[in-house]
Amino acid sequence: MREVEARNKLAKYSQQHLMQYYDSLDENGQAELLTQIENTDFEVLNSLNQQSVMESKGTITPLAAMEIDEIEANKNQFEEIGLQAIKAGTVGAVLLAGGMGTRLGSDAPKGVYDIGLTRPVFIFQRLIENLLEVVNRAGAWIPLYIMTSDKNHKATVSFFEQKEYFGYQKESVTFFMQDMAPASDYNGKVFLEEKGKISTSPNGNGGWYSSMHKWGVARKAAEQGVKWLNVFAVDNVLQRIADPCFIGAVLSRQCVSGAKVVRKNAPDEKVGSICLEDGKPSIVEYYDLTPELMDAKDEKGEAAYNFGVILNYLFHTESLDEIIKKQLPLHVVEKKIACLDEAGNQISPEKPNGYKYEQLVLDMIHELDSCLPFEVVRNREFAPIKNRTGIDSVESARELCKENGIIL
Ligand code: UTP
């Protein structure tokens, strides 16, 4: 892109300040900035002026979950169906590891964080150990696709190499990268990270399947016969991946997707609640859950929106292929964003200072015809690490690991 075109593009979005240091850059720096301006999608900034996601939501009604009693009663049958699907090579797993993990406060990818006390126990290691349990039971490798971002790709790949994939078969692991989006201040002015570099951040976990396509990974999976993808977050160190019982339940209920859910520990707990929206499965984020919805009761007299998602979903790939062209809603999320201050000095703020623009995997559920909410015992399967201390932290996850007999 030439300088004049870049200036025109920026003017269209009122972002001319991004070239304020252009003349002070060397030739290389100028060319890099022009390329970045060319490749940046400033349209996301429009979502700042649009109505909030909740205002645009339809009518919310309860969606009953398959609860633990029912799961236990059918466990053998579900597990058998799930194991058969795994053995037939139709199940793949997708690790969403493109996030920045800013709340944890480490510059390294979240998965390389060591939660061990007497020995190293890296977050990635915990996930692989859990997946290996299923691989050993099924006697078949499960293709594992790992999504990274521009910010952590190299570090993630070299960590897996260095640790020899924690015993996982290297040939069964494929990395791919997600897209980036610009980050802005509260007025929608995009930050500069350096004098010749626009501040960008991963564009949320909702773009995982389109990125799988972009990288040719979805095609490769289809060629290998994969029909189901179990998508999961990097930060839940207790989660069961490619859980045969979960897979079997979704298959036998003939749903095109499934969501692992836990009973919320408080009506306002910071997890999305599974529900129906205009009769289709959907998830209301915790910040969109109104007091009326928090108090609502179902026909059994229990809290109607009491099941929270834990970012562990199963998707049928044919359905994903159908919805891939649809634009998911953009969430404007307040975060701490490293940037240049007015004097041109680099700062790493201690408090949130602006917005990132993200698409979320949970919004995919609403695009699909059916979803089975599948209850899991929270203390056995839900130990998310978002923060260093307090709620959903390294500390709380360590306690839960110990409770489950994992030596740290
Ligand atoms: P979170 O929103 O909890 O993680 O993402 P984060 O953005 O890494 O953390 P903070 O808010 O900055 O502290 C949940 C899951 O989605 C992945 C994360 O890696 C995590 O597994 N994710 C998130 C992506 O893969 N890409 C993204 O752009 C955002």
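Cut-off values and rules
Residues numbered from 1 in each chain as written. Predicted model: local features only at pLDDT ≥ 70, side-chain atom pairs only at ≥ 80, totals over all residues. Heavy atoms only, no water. Disulfide = S-S within 2.5 Å. Buried < 20%, exposed > 50% of the residue type's maximum accessible area, 1.4 Å probe, protein only. Near = heavy atom within 4 Å. Polar contact = N/O pair within 3.5 Å; in protein donor to acceptor, adjacent residues only side chain to side chain. Areas by Shrake-Rupley, 256 points an atom, 1.4 Å probe, with all protein chains shown as cover. Nonpolar A, V, L, I, M, F, W, Y, C, P; charged D, E, K, R; others polar. Core = buried A, V, L, I, M, F, W, Y, C linked by side-chain atoms within 4.5 Å. Contact = heavy atoms within 4.5 Å. Axes fitted to C-alpha atoms, helices over the stretch in contact; angles between N-to-C directions. Helix = DSSP H or I, 4+ residues; strand = E, 2+ residues; numbered from the N terminus. Parallel < 35°, antiparallel > 145°, perpendicular 65-115°, else oblique. Pairing = 2+ DSSP bridges. Phe/Tyr/Trp six-rings, centres within 6.5 Å; stacked < 30°, edge-to-face > 60°. Lys NZ or Arg CZ within 6 Å of the ring centre and 35° of its normal. Patch = residues over 30% accessible without salt bridge, like charges linked within 9 Å, V, L, I, M, F, W, Y side chains within 5 Å. Salt bridge = Lys/Arg side-chain N within 4 Å of Asp/Glu carboxyl O. Lys, Arg positive; Asp, Glu negative; His and termini not counted. Charge placed at Lys NZ, Arg CZ, Asp CG, Glu CD.

**Looking at the state of the cysteines**
With the rule as written, the count across this model stands at zero disulfides. Left without a disulfide partner, Cys275 is nearest to the cysteine sulfur of Cys371, which lies 10 Å away. In this structure Cys275 comes out as buried when scored by relative accessible area, which is 0%.

**Some details on the site of the ligand**
Around the ligand, a shell composed of 20 residues is seen, among which Leu96, Thr102, Gln178, Lys335 and Lys386 lie nearest. Gly98 has a polar backbone atom sitting 2.9 Å from an oxygen atom of the ligand. Here a nitrogen atom of the ligand and a side-chain polar atom of Gln178 are 2.6 Å apart. Isolated, the ligand exposes 560 Å² of accessible area, and the fraction of that covered by the protein chains is 92%. Across the shell around the ligand, the residue classes break down as eight nonpolar, eight polar and four charged.

**What about the nonpolar core?**
In terms of nonpolar packing, the biggest core is built from 64 residues, with Leu95, Ile115, Phe124, Ile142, Leu144, Tyr168 and Phe374 touching the most fellow members. Once residues lying within four places of it in the same chain are set aside, the contact partners of Phe374 are Met66, Ile71, Asp243, Cys245, Phe246, Ala249, Ala259, Lys260 and Val261. Counting 36 residues, the second-largest nonpolar core is a separate cluster that includes Tyr209, Val226, Val231 and Met364.

**So, the packing of helix 4 (residues 75-87) against helix 5 (residues 123-138)**
Geometrically, a packed helix pair is captured by the angle between its two axes and the distance between the axes. Contact geometry for helix 4 and helix 5: axes closest at 10 Å, N-to-C directions at 90 degrees. With respect to each other, helix 4 and helix 5 are oriented roughly perpendicular. Between helix 4 and helix 5, the contacting residues are Glu79, Leu83, Ile86 and Lys87 on the first element and Val134, Arg137 and Ala138 on the second. For the contact of helix 4 with helix 5, the per-class residue count stands at four nonpolar, no polar and three charged.

**Overview of the pairing of strand 18 (residues 372-375)**
Within a regular strand, side chains alternate between the sheet's two faces. Across the two faces of strand 18 the burial is the same, with Leu372 and Phe374 and Pro373 and Glu375 all buried. Taken together, the four bridges between strand 10 (residues 257-263) and strand 18 define a ladder with parallel strand orientation. Of the residues in strand 18, the one forming a bridge with Gly258 is Leu372.

**Considering the packing of aromatic side chains**
Across all of its chains, the model carries 16 aromatic pairs by this definition. An angle of 65 degrees between the planes, with centres 5.4 Å apart, marks the rings of Trp208 and Tyr209 as edge-to-face. Of the two residues, Trp208 and Tyr209, both sit in the buried class. Here a set of aromatic residues connected by ring pairs shows up, and it is made of Phe122, Phe124, Phe159, Phe160, Tyr165, Phe166 and Phe175. Above the face of the Tyr21 ring, Lys195 is positioned so that its terminal group lies 5.1 Å from the ring centre.

**Thoughts on the environment of Val271**
Turning to its location among the elements, Val271 is positioned in the loop between strand 10 and strand 11 (273-277). Taking the relative accessible area as the measure of exposure, Val271 reaches 8% and is therefore buried. Those residues within four positions of Val271 in sequence are excluded, and the remaining contacts are Lys264, Glu285, Tyr286, Gly308, Val309 and Phe382.

**Focus on the environment of Asp26**
Locating Asp26 in the fold gives a position in the loop between helix 1 (3-12) and helix 2 (27-39). On the basis of relative accessibility, which here comes to 52%, the residue Asp26 falls in the exposed class. For Asp26 and Gly196, which are 170 residues apart along the polypeptide, the C-alpha to C-alpha distance reads 9.5 Å. A distance of 2.7 Å separates a polar atom in the side chain of Asp26 from the backbone nitrogen of Gly29.

**A word on the environment of Ala222**
Tracing the chain through its elements places Ala222 in helix 8 (residues 217-224). Along the chain, Ala222 and Thr90 lie 132 residues apart, while their C-alpha atoms are 9.0 Å from each other.

**Looking at a negative patch on the surface**
Together, Glu318, Asp321, Glu322 and Asp369 make up a region of like negative charge exposed at the surface. Position of Glu318 among the secondary structure elements: in helix 11 (residues 317-323). Classification of Glu318 as exposed rests on a relative accessible area of 53%.

**Details of the pairing of strand 3 (residues 144-148)**
Counting buried residues in strand 3 gives five out of five residues, a clear majority hidden from the surface. Here strand 3 shows no split at all, with Leu144, Ile146 and Thr148 on one side and Tyr145 and Met147 on the other all buried. Summarising the sheet, strand 2 (residues 91-96) and strand 3 pair through four bridges and their orientation is parallel. Within strand 3, the position partnered with Val94 by the bridge is Tyr145.

**As for the packing of helix 4 against helix 9 (residues 244-252)**
One can describe the packing of helix 4 onto helix 9 by two numbers: an axis separation of 6 Å at closest approach and a directional angle of 95 degrees. Put simply, helix 4 runs roughly perpendicular to helix 9. Facing Lys75, Phe78, Glu79, Ile81, Gly82, Leu83, Ala85 and Ile86 of helix 4, the residues of helix 9 in contact are Pro244, Cys245, Ile247, Gly248, Ala249, Leu251 and Ser252. Considering only residue class, the contact of helix 4 with helix 9 consists of 10 nonpolar, three polar and two charged.

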